[in-house]
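Secondary and tertiary structure notes
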Amino acid sequence: MPGPTFSTALKTSSDYLDVAANTHGEEKAFLMLEALRRIRHHSPHLVEVGPGGGSAIAYLASQFSSIPLPDDVRLTLVEAPGVTSVALDEAMHAFNRAATCRLVTGFAQDIGTVLTEPADVISASALLHEVYSHGGGYRGLHAMIRTVPTVLRPGGMFAYRDVYAVKGASLHDRVMQTYASRSWLRFLRMFLPQYLREGTHPYHSDSDLVVLRQDSRIVPLEHLDERTSAVAAGPVGIFREVQRHYITLRDHVWRSGVLGFTPCLEGPLTDDWIDARQGHKRVHYALTGTDWLPQSQKAMLLALSECYLDHYAVDGDIFDACTDIALDSFLDLAESGDGECGNVWRTWATREGRETYAYLTLDALLTSMAVHSTEAAQEERTVLMPVNATDVTRRDRAYYNRYLRRALPNPLKDAKQMVLFSNVPIADSQALSQGMQVLQQWCGRSGLARVYAAVNSGG
């Protein structure tokens, strides 16, 4: 297996780790807390792979005084070499007030040699798509899955959280998608050719070809006209990539301040909901010194906003509409190589533009975990699978879904999928039966047959 190709240059910047990648601590720690409640080891060893800015660690530390936990909890953090974070240091300090926390360096693919003792719980967010995108594609991914059972105690748990793919068995199913917004069309033209050419992705077969039509004529991706609606046919997974990458670019451009305004994306002001269930919120933002944006666009946003202490607040729907107008102007300048806008685009494209965020449906994820975990090199064979119905869950992104419904005629759901895998000994027929019953709710016949064959292969 080739060595890790993960690029740390932009992934390790303080702006990314301490701010952009340091949110949703409760969600990241949710499954770890559930695992802790079920672990019976008197001195549980927890492992967090890729802690980033430490939001999950900070949340865990905040819960120690309010929930019953086993005595002598020990936490090991595994982070890639060269990755440092001020926020993570602060989270570790808070954790060490109540328990024990240490940081070791190494790549996720090498966790078998990085960890010096077995773990009761391993937790990770977005680990598999990072390994897939930067650590050898499917080969690196499968090697990683085969390693996890070797560092988990029998009966231990692997708490995993990642981008929700789509409802269905395969990301290669062909669907139709329509794009009408200028900013989305321009983004499609700039992003998709580069992603398909340079990204690590599984869309290589003849049936994966993306076909775009404008005015009933087939047009190449590079020649897409942002002034005319386009109908695209292709694998649903590719449209999932387009949609997720647009959202991450929008967040990145917001944080850069290049649009002339920067919304509050962290802290209590992000929860100023008008209707939380519908994803409708007030957005709090501050103006920046950007002078390339037409004054009319800034004036339009300000006219619809209210002063709030030292910044402004506006209805989220209005803010999203203004953002897409400004983002279209930004992409126009970025595509022509404009200095500031071009640099912001290149930074994002280098850091995230080649990643594959969602390439496994829940069916494929559960099947792959179970099958490849049985291939682990260990004396007591185990299999990674959820054993309770509640071990598989999805958390929708209400705010983003509200925006996507307004921006696209047929958007795909934006959410996080979370699975608590148990390291079930093959000899434990009761737990194995429970796990198979859970898999039946999510996996198709082909996946179930693969799992059944792997479990009964005899090693």
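A quick note: this is a predicted structure, and the numbers were derived from the prediction, not measured.

Brief notes about the overall build of the protein
Across its full length, the protein holds 16 helices and 17 strands. Projecting the C-alpha coordinates of the protein onto the three principal axes gives extents of approximately 70 × 55 × 40 Å. Counting the 459 residues in the protein, one finds 56% classified as buried. Within the protein, counting contacts between residues at least 6 apart in sequence, those at least 24 apart form 81% of the total. Averaging the locations of the 43 positively and 52 negatively charged side chains of the protein gives two centres separated by 4 Å.

Digging into the pairing of strand S7 (residues 211-214)
Here S7 runs beside strand S9 (residues 230-235); their pairing, made up of three bridges, is antiparallel. Note on S9: the bridge partner recorded for Leu212 is Ala232. Bridging between S7 and strand S8 (residues 217-219) involves three bridges; their strand directions are antiparallel. From the neighbouring strand, Leu212 faces S8, where its bridge partner is Val219. Between the end of S7 and the start of S8, which pair antiparallel, lie two residues, with Asp215 showing a positive phi angle near 55°.

A short note on unusual backbone geometry
One non-glycine residue, Asp215, adopts positive backbone phi at about 55°. Within the element layout of this structure, Asp215 appears in the loop between S7 and S8. Its relative accessible area of 61% is what places Asp215 among the exposed residues. Of note, Leu309 is a non-glycine position whose phi angle comes to about 55°, a positive value. Examined against the element boundaries, Leu309 turns out to sit in the loop between strand S13 (306-308) and strand S14 (311-315).

As for the environment of Ala376
Looking at the element boundaries, Ala376 is found in the loop between helix H13 (362-373) and strand S15 (382-385). Distance from Ala376 to Met144, taken between C-alpha atoms, is 9.8 Å for residues 232 residues apart in sequence.

Quick look at helix H2 (residues 25-38)
For H2, which comprises 14 residues, the first-to-last C-alpha distance of 21 Å matches the rise-based estimate of 20 Å (1.5 Å per residue) to within 8%. Leu31 marks where H2 bends most, by close to 30°. Burial in H2 covers these residues: Gly25, Glu27, Lys28, Ala29, Leu31, Met32, Leu33, Ala35 and Leu36. Looking at the buried residues of H2, the elements they touch are strand S1 (45-49), helix H3 (55-63), strand S4 (119-125), strand S5 (152-163), strand S16 (392-396) and strand S17 (415-425).

Points about the pattern of salt bridges
The full count for this structure, using the stated rule, is 27 salt bridges. We note a salt bridge from Glu27 to Arg397, for which the minimum N-O separation is 2.7 Å. On the criterion of sequence distance, the pair formed by Glu27 in helix H2 and Arg397 in the loop between S16 and helix H14 (398-407) is long-range, its members being 370 residues apart. Glu27 gets classed as buried once you look at its relative accessible area, which sits at 5%. One salt bridge connects Arg146 with Glu375, and the closest N-O pair in it is separated by 3.2 Å. Of this pair, Arg146 sits in helix H7 (residues 137-151) while Glu375 sits in the loop between H13 and S15, and the two are 229 residues apart along the sequence.

Some remarks on empty space enclosed by the protein
Going through the model one piece at a time under the given rule, you end up with three cavities of 30 Å³ or more. Approximately 80 Å³ is the volume attributed to the largest cavity. Residue lining of the largest cavity: Leu128, His129, Tyr160, Asp162, Val163, Tyr357, Ala358, Tyr359, Leu360, Leu365 and Gln417, and that is the complete set. Where the lining of the largest cavity is concerned, the elements lending two or more residues are helix H6 (127-134) and S5. A per-element tally of the lining of the largest cavity places S5 first, with three residues. Residue classes in the lining of the largest cavity are distributed as eight nonpolar, two polar and one charged. Considered as a void within the structure, the second largest cavity measures approximately 50 Å³ in volume. Along its surface, the second largest cavity is lined by Phe261, Leu293, Gln297, Lys298, Met300, Cys322, Ile325 and Ala326. Taken together, the residues that form the lining of the second largest cavity break down as six nonpolar, one polar and one charged.

Comments concerning the layout of surface pockets
Taken as a whole, the second largest pocket encloses approximately 410 Å³ of empty space. Lining of the second largest pocket is provided by 18 residues; of these, Arg38, Arg40, Gly155, Gly156 and Met157 occupy positions nearest its centre. Those elements giving two or more residues to the lining of the second largest pocket turn out to be S5, S17 and helix H15 (429-442). Per-element accounting of the lining of the second largest pocket gives the leading share, five residues, to S5.

Section: the sheet that holds strand S6 (residues 174-179)
Spatially, four strands are ordered S6-S9-S7-S8 in an open sheet, and the strand pairing comes out antiparallel. Among the strands making up the open sheet, the edge pair consists of S6 and S8. Across this sheet, the average inter-strand angle for adjacent strands is 30°, counted without regard to direction. Packed onto the sheet, helix H8 (residues 182-198) meets S6, S7 and S9 and runs at close to 125° relative to S6. Sheet contacts for helix H9 (residues 236-256): S6 and S9; angle to S9, the most-contacted strand, approximately 120°.

Structural notes on the state of the cysteines
Here a disulfide denotes one covalent bond, and it connects the sulfur atoms of two cysteines. This structure, assessed with the given rule, holds zero disulfides. No disulfide involves Cys307; its sulfur sits 14 Å from that of Cys264, the nearest cysteine.

Conventions adopted
Sequence positions are assigned chain by chain, starting from 1 and proceeding in written order. Where totals are concerned, whole chains, interfaces and linings use all residues; where local detail is concerned, this predicted model gives features only for residues with pLDDT of at least 70, and gives and counts side-chain atom pairs only at 80 or more. Derived side-chain values reflect all non-hydrogen atoms in the structure, with water molecules and hydrogen atoms excluded from consideration. Each helix is a run of DSSP H or I of at least 4 residues and each strand a run of E of at least 2, with the numbering of both proceeding from the N terminus. Type-normalised accessible area, obtained with a 1.4 Å probe on protein chains alone, sets the label of each residue: buried when under 20%, exposed when over 50%, and partly exposed for intermediate values. Contacts were defined at the residue level, with two residues in contact if any of their heavy atoms lie within 4.5 Å. Positive: Lys, Arg. Negative: Asp, Glu. His and the chain ends are not part of the count. For charged residues, the charge sits on one atom: NZ in Lys, CZ in Arg, CG in Asp, CD in Glu. DSSP bridges decide pairing: two strands pair if at least two such bridges lie between them. Helices are assigned an expected span. That span is 1.5 Å times one less than the residue count. We define the bend at each residue as the angle formed by axes fitted to the 7 residues ending at it and the 7 residues starting at it. Each salt bridge in this description consists of a side-chain nitrogen of Lys or Arg and a carboxyl oxygen of Asp or Glu lying within 4 Å of one another. Grid spacing is 1 Å over the protein atoms alone, the probe is 1.4 Å, and a cavity is where that probe fits but cannot get out, while a pocket is an open set with protein on both sides within 12 Å along at least five of seven lines and lining residues have an atom within 4 Å of a point. Grid points are joined across faces, edges and corners, and a volume is the space filled by probe spheres set on the points. Note on residue classes: Ala, Val, Leu, Ile, Met, Phe, Trp, Tyr, Cys and Pro are nonpolar, Asp, Glu, Lys and Arg are charged, and everything else, Gly too, is polar. Fitted lines through C-alpha atoms serve as axes, helices being fitted only where they are in contact, and the angles separating the N-to-C directions of these axes extend from 0 to 180 degrees. Put simply, a disulfide is two cysteine sulfurs that come within 2.5 Å.

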